[in-house]
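Chains, contacts and geometry: an overview
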Amino acid sequence: MLRRYEQYLEFLEKKLNKFFEAQKPYIFCKEGCSLCCQNAQFPYSLLEVKYLVQGMFELPVETRLKVEDKMIEIIEKRRNFKGERFLYDCPFLINGSCCVYKYRGIVCRAFGLLTKKEEGRTKTPFCCFKGLNYSNIYDEKEKKLSETKMAELGITQEPLAYNVGYPFLTGESVQNAFKLNFGEKKPLIDWFLSEKDKAN
Ligand code: SF4
Ligand code: SF4
């Protein structure tokens, strides 16, 4: 199954590279930018987490210990969390970069693009509001992409929104096409909870 998953990742990577390339005028991803690895939930399926753990075991011992320390810290905070949506920095973010890059999940790969949602709606990546992707054509007052800003940049056509939402990229059509079973999905850190934590 992991081999077929890798084949899917290869296919997906090619598609995403094309999409990012097509959106180049609005993309501000740079090495060292890790805002999208922070303060989030990071949905992961069982299949993705199995692959990620493979990457974890390939890490140098020192790095793996750092990841484990971060996990312990996050799980401790989660234990004491009383709200509805527990957010945290990804434990695989070490010294500002992803230590399991080759093995990272699907949400990590697709994040940053304008995403197509149901009923023709689009979702702008949150880093737009931090002056990053699409911020050069976004009107904060109007809360939408600005035709004026696009015209100023000589852009005549609104950027395409792609069907790259997590539910679609791990959905039924992908599972059927690549003979995959993503299995259960939950926030990344929840896969590393002890039985006792899960019971609480
Ligand atoms: S998607 Fe946004 S937050 Fe993530 S690396 Fe690119 S610019 Fe930075
Ligand atoms: S697995 Fe890597 S890319 Fe994904 S959120 Fe964590 S640090 Fe970022």
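Everything discussed here concerns the structure shown above.
Residues numbered from 1 in each chain as written. Chains lettered and ligands numbered in written order. Predicted model: local features only at pLDDT ≥ 70, side-chain atom pairs only at ≥ 80, totals over all residues.

1. Side note on the nonpolar core
The cut-off we apply is this: Only buried residues count toward a nonpolar core: Ala, Val, Leu, Ile, Met, Phe, Trp, Tyr and Cys, linked into one set through C-beta atoms within 7 Å. Working definition of burial: number of other C-beta atoms within 10 Å of the residue's own, with buried at 20 or more, exposed at 12 or fewer, and partly exposed in between, all C-beta atoms being placed from the backbone. Strands here mean DSSP runs of E at least two residues long; helices mean DSSP runs of H or I at least four residues long; both are numbered from the N terminus. Note on contacts: each residue gets a C-beta atom placed from the backbone, and two residues are in contact if those atoms are within 7 Å.
Counting 33 residues, the largest nonpolar core has Phe42, Val107, Ala110, Phe111, Leu113, Tyr134 and Leu188 as the members making the most contacts within it. Elements with a contribution of two residues or more to this core: α1 (2-22), α2 (46-57) and α4 (106-110). When residues of this core are assigned to their parent elements, the largest contribution, four residues, is made by α4. If we skip the residues at most four places from it in the chain, Leu113 touches Phe19, Phe20, Gln23, Pro125, Tyr162 and Val164.

2. Section: unusual backbone geometry
Despite not being glycine, Tyr134 shows a phi value in the positive range, around 70 degrees. In this structure, Tyr134 sits in the loop between β5 (122-123) and β6 (138-139). C-beta crowding within 10 Å serves as the criterion here: with 21 such atoms nearby, Tyr134 is assigned to the buried category. Even without being a glycine, Lys143 presents a positive backbone phi close to 55 degrees.

3. Describing the site of ligand 2
The criterion, for reference: Here is the check we use: build the C-beta atom from the backbone, and if it is within 6 Å of the molecule or strand, call the residue near. Residue polarity is assigned by list, with Asp, Glu, Lys and Arg as charged and Ala, Val, Leu, Ile, Met, Phe, Trp, Tyr, Cys and Pro as nonpolar; anything else, Gly included, falls into the polar class.
Near ligand 2, the surroundings consist of Cys37, Phe42, Cys90, Phe92, Leu93, Cys98, Val100, Arg104, Gly105 and Cys108. Split into classes, the residues belonging to the shell around ligand 2 amount to eight nonpolar, one polar and one charged.

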